[in-house]
Amino acid sequence: MTLTTLNGQTDISLVANNFGFCRLPVHFSPYDSDADWVITGVPYDIATSGRTGSRFGAEGIRRASVNLAWEGCRFPWDFDVRQRLNIVDCGDLVYAFGDSRDFVQKLQSHTEKLLAAGKRCLTFGGDHFITLPLLRAHAKHFGKLALLHFDAHTDTYENGSEFDHGTMFYTAPKEGLIDPARSIQIGIRTEYDKNLPYTVLPAPQVNDDSVDNIVKKIKETVGDLPVYLTFDIDCLDPAYAPGTGTPVCGGLSTDRVLKILRGLQDVNIVGMDLVEVAPAYDHADITSLAGATLALEMLYLQGSKKA
């Protein structure tokens, strides 16, 4: 396990030296690194329709992740992900702040360069709109994708603007980025267009059904397509993630989501993001810790394929 050291002293505290996610190495030139996975923070929340503040999401996730950094083998896994994957944190995307078009171009270009260099991307939002330029980059590299989408909302609304965190999955199929008939949305508990070809698993069904059945439905839907995994933290019930822009009661527990993720070891996930953490609406870093825990689980899921 890699820990920060100063003057030969190993730091296993829960408060210090947390520069990269889970104390992973910080590398500001990730394209030339030997990393397998690159973490990028995206401080963008201009596309929100509700409460802003997810521009601080990546910062909050990194801060909370120090609580997870001390474990050699993250429970319940039997290996240290750092021994199987070379993961670096490249810091936060820099763009002309307030300029959404520049943001889209910068994030897509950054992601395309990482993928062209053989890296894989785990991205921390930011609001959920960031997934659209990420999908554009991944589809350019891998071809049409299946979308694995955890959320309280389908984000398939057509009545938003060009930059809107509720329209990405209305736009993405029109651009040929994803195959909606091979895509699945989990935890939905708001109004949506039932005529669209997405497979939707509403939150009551996901909460009441067995984890095995949910995992089976995911695998049946995405098949052997390359899969992009996007996780909006408001998929979790506000009891587990109050710090988000558009909380909706009746969501999933952190425990249930972790169990679902662990069942996806043979799904061909080629890119991942975690979005909509807004720490200011949370009194005790509950949401940031949930986000950090889910992000680390996503990395363990990838590491499990390297046995």
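This write-up is about the structure you can find in this document.

Conventions used here
- The residue numbers shown here count from 1 along each chain, following its written sequence.
- Per-residue local features of the predicted model are confined to residues with pLDDT of at least 70, and side-chain atom pairs are confined, for both listing and counting, to 80 or more; whole-chain, interface and lining totals are unaffected and use all residues.
- Only hydrogens and water are removed before side-chain values are computed, so all heavy atoms of the structure are retained for them.
- Secondary structure is summarised from DSSP: a helix means a run of H or I of at least four residues, a strand means a run of E of at least two, and numbering begins at the N terminus for each.
- In what follows, a contact means two residues having at least one pair of non-hydrogen atoms within 4.5 Å.
- A simple rule labels every residue: compare its accessible area, found with a 1.4 Å probe on the protein chains alone, to the largest value its type can have, and call it buried under 20%, exposed over 50%, or partly exposed in between.
- Pairing between strands is defined by DSSP: at least two bridges between the two strands are required.
- Viewed with both strands pointing away, a crossover whose connecting path from the first strand over the helix to the second turns clockwise is right-handed.
- Under this definition, polar contacts are N or O atom pairs within 3.5 Å; protein pairs additionally need one hydrogen-donor-capable and one acceptor-capable atom, and for neighbouring residues in sequence, both atoms have to be side-chain atoms.

Regarding unusual backbone geometry
Cis geometry marks the peptide bond from Phe75 to Pro76, where omega comes out at 5 degrees. Residue placement: Pro76 occurs in the loop between helix 1 (57-65) and strand 4 (87-92). A cis amide bond links Gly125 with the next residue in sequence, Gly126, at an omega value of 10 degrees. Relative to the elements of secondary structure, Gly126 occurs in the loop between strand 5 (120-124) and helix 3 (131-142). Backbone geometry places Asn17, a non-glycine residue, at a positive phi of 55 degrees. Within the secondary structure, Asn17 sits in the loop between strand 2 (9-10) and strand 3 (37-41). The residue Arg23 is not glycine, and still its phi comes out positive at about 60 degrees. Examined against the element boundaries, Arg23 turns out to sit in the loop between strand 2 and strand 3.

Considering the environment of Leu252
Looking at where Leu252 falls in the secondary structure, it is placed in the loop between strand 9 (227-232) and helix 7 (254-262). It is 24 Å that separates the C-alpha atoms of Leu252 and Arg55, two residues lying 197 residues apart in sequence. When sequence neighbours within four positions are dropped, the list of residues in contact with Leu252 reads Ile186, Gly187, Ala203, Val206, Asn207, Cys235, Leu236, Asp237, Tyr240, Val257 and Ile260.

Some details on the pairing of strand 4
Burial of strand 4 is extensive: five of the six residues sit out of reach of the surface. In this structure, strand 3 lies alongside strand 4, joined through four bridges in parallel fashion. Looking at the pairing, Val38 lines up with Val88 of strand 4. Each parallel crossover has a hand, and for strand 3 linked through helix 1 to strand 4 it is right-handed.

Brief notes about the side chain of Arg62
By secondary structure assignment, the location of Arg62 is in helix 1. On the basis of relative accessible area, Arg62 is assigned to the buried category, the value being 8%. At a separation of 3.1 Å, a polar atom in the side chain of Arg62 contacts the main-chain carbonyl oxygen of Gly91. For Arg62, the contacting residues outside a window of four places in its chain are Asn18, Phe19, Phe21, Thr40, Gly41, Asp89, Gly91 and Asp92.

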